[in-house]
Amino acid sequence: MSDGAVLHVKGRVLAGPDDVRDELWVVGGRISYDRPAGSRDVRTVTGWALPGLVDAHCHVGLDAHGPVDAETAEKQALTDREAGTLLIRDAGSPSDTRWIDDRADLPKIIRAGRHIARTRRYIRNYAWEIEPDDLVAYVAQEARRGDGWVKLVGDWIDRDLGDLAPCWPREAVAAAIAEAHRLGARVTAHCFAESSLRDLVESGIDCIEHATGLSEDLIPLFAERGVAIVPTLVNIATFPRLAEGGEQKFPRWSAHMRRLHERRYDTVRGAYDAGIPVYVGTDAGGSLAHGLVAEEVAELVAAGIPPLAALSATTWGARAWLGRPGLEEGAPADLVVYEADPRADVRVLAAPRRVVLNGRIIE
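Described in the following lines is the structure provided in the data block. In this text the structure is predicted, and so the values were computed from the model without any measurement. (Residues numbered from 1 in each chain as written. Predicted model: local features only at pLDDT ≥ 70, side-chain atom pairs only at ≥ 80, totals over all residues. Heavy atoms only, no water.)

**Section: the overall build of the protein**
Part 1 of the argument: Looking only at helices and strands, the protein has 12 helices and 20 strands in total.
Part 2 of the argument: The 363 residues of the protein split such that 56% are buried.
Part 3 of the argument: Nonlocal contacts in the protein, meaning residues at least 24 apart in sequence, comprise 66% of its contacts between residues at least 6 apart.
Part 4 of the argument: About 14,800 Å² of surface is accessible on the protein, with carbon and sulfur atoms providing 47% of the total.
Part 5 of the argument: Computing the positive centroid from 43 side-chain charges and the negative centroid from 55, the protein places the two 2 Å apart. (Helix = DSSP H or I, 4+ residues; strand = E, 2+ residues; numbered from the N terminus. Buried < 20%, exposed > 50% of the residue type's maximum accessible area, 1.4 Å probe, protein only. Contact = heavy atoms within 4.5 Å. Areas by Shrake-Rupley, 256 points an atom, 1.4 Å probe, with all protein chains shown as cover. Lys, Arg positive; Asp, Glu negative; His and termini not counted. Charge placed at Lys NZ, Arg CZ, Asp CG, Glu CD.)

Structure (structure tokens):
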């Protein structure tokens, strides 16, 4: 498409869960529901249109060993784009990916700065590894470095205990979250186990990643406080393999990981039924491949979340939660077009017909 071209999307435009329109127009890279007058260079795309998908837990610029070079980060972002992911909440990365903001052909990224972990209590080369006395200062640093989010490592294996355990004393977490909020940032935390959740939620945290330890006694607390979860079920699927690898050295941890995996669907469905906000995230960029957003949506449906709610968790609802527009009048034209209705079968998401980013069709 030339810069002056107009894009016409017709068929079914899913502007919201209950807002279905027959067509939209893209003029100057932005969405309009009014036919532009006098346009001659018009390209038409037909199908079922959704807002660009959201991966709310993704790591561009990171692989299993730590930060990657710009060429590798670009390939990661392009893989996500090809899958229809046009908005990413980067849930922690040691790489500086600000250069992506200058690329109109790459997904938009909301960064959470670099992970903040306890000393020797996380994956090597990923996080700032600090002690509790420094937590407030590092949270303030990452709040200023990120795009309105800070990422803590809430629990990890304690080698002396031989199992998952909280990383931070409650008073340190409470002070750090208060500082992030003072600076206008929200806080999320990696949490696999049960034991760190109450302190984090009662200290005012905004979101929990993975949340496999969410138990029946904690669900009302999450619901009351409005704390969101991003289950990353495609990542939780790796727990049995991880448990097998740690069986000899940490049998207690291995058994715990298996239990968390076995109840994963019940955990997510229980959270959804209680009104806890649930959003799509893949945890791509560590040991997982990029481009898995459709698989994660399908996993939410497998857990018992209704298909329309699972779609919202990667489209309308997720964008509203992150403060970014969907298919509203005048919004940047970031959308994905499919052959069939994704509300009828979310597996349609795995095969985008057309991806439109900043008003341009990605060929």
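**Comments concerning the pairing of strand E1 (residues 6-16)**
Part 1 of the argument: Most of E1 is tucked away: 8 of the 11 residues are buried.
Part 2 of the argument: Direction of pairing for E1 relative to strand E4 (residues 42-51): parallel, over a ladder of 8 bridges. By the bridge assignment for E4, Gly 11 is matched with Gly 47.
Part 3 of the argument: As paired elements, E1 and strand E2 (residues 19-27) share 7 bridges and run antiparallel to each other. By the bridge assignment, Leu 7 is partnered in E2 with Val 26.
Part 4 of the argument: Linking E1 to E2, which pair antiparallel, is a turn of 2 residues. (Pairing = 2+ DSSP bridges.)

**A closer look at a positive patch on the surface**
Part 1 of the argument: Residues Arg 120, Arg 124, Arg 159 and Lys 249 make up a contiguous surface patch of positive charge.
Part 2 of the argument: If you trace the backbone, Lys 249 turns up in the loop between helix H7 (239-246) and helix H8 (251-262).
Part 3 of the argument: Among the residues examined, Lys 249 registers a relative accessible area of 67% and is labelled exposed. (Patch = residues over 30% accessible without salt bridge, like charges linked within 9 Å, V, L, I, M, F, W, Y side chains within 5 Å. Salt bridge = Lys/Arg side-chain N within 4 Å of Asp/Glu carboxyl O.)

**Things to note about the side chain of Ser 32**
Part 1 of the argument: Tracing the sequence through the fold places Ser 32 in strand E3 (residues 30-32).
Part 2 of the argument: Taking relative accessible area as the criterion, Ser 32 reaches 12% and is therefore assigned buried.
Part 3 of the argument: Here Asp 34 takes part through its backbone nitrogen, which lies 3.0 Å from a polar atom of the side chain of Ser 32.
Part 4 of the argument: Engagement of the side chain of Ser 32 in a polar contact is seen with the side chain of Glu 329, the distance being 3.4 Å. (Polar contact = N/O pair within 3.5 Å; in protein donor to acceptor, adjacent residues only side chain to side chain.)

**Some details on the pairing of strand E15 (residues 186-191)**
Part 1 of the argument: In terms of residue burial, E15 counts as a mostly covered element, since 5 of its 6 residues are buried.
Part 2 of the argument: Where strand E12 (residues 149-153) meets E15, 5 bridges bridge the pair, whose relative direction is parallel. Within E15, the position partnered with Val 150 by the bridge is Val 187.
Part 3 of the argument: Direction of pairing for E15 relative to strand E16 (residues 207-210): parallel, over a ladder of 4 bridges. Looking at E16, one finds that Cys 191 is bridged to His 210.
Part 4 of the argument: This β-α-β element, E15 to helix H4 (residues 197-202) to E16, shows right-handed connectivity. (Right-handed = clockwise from strand over helix to strand, strands pointing away.)

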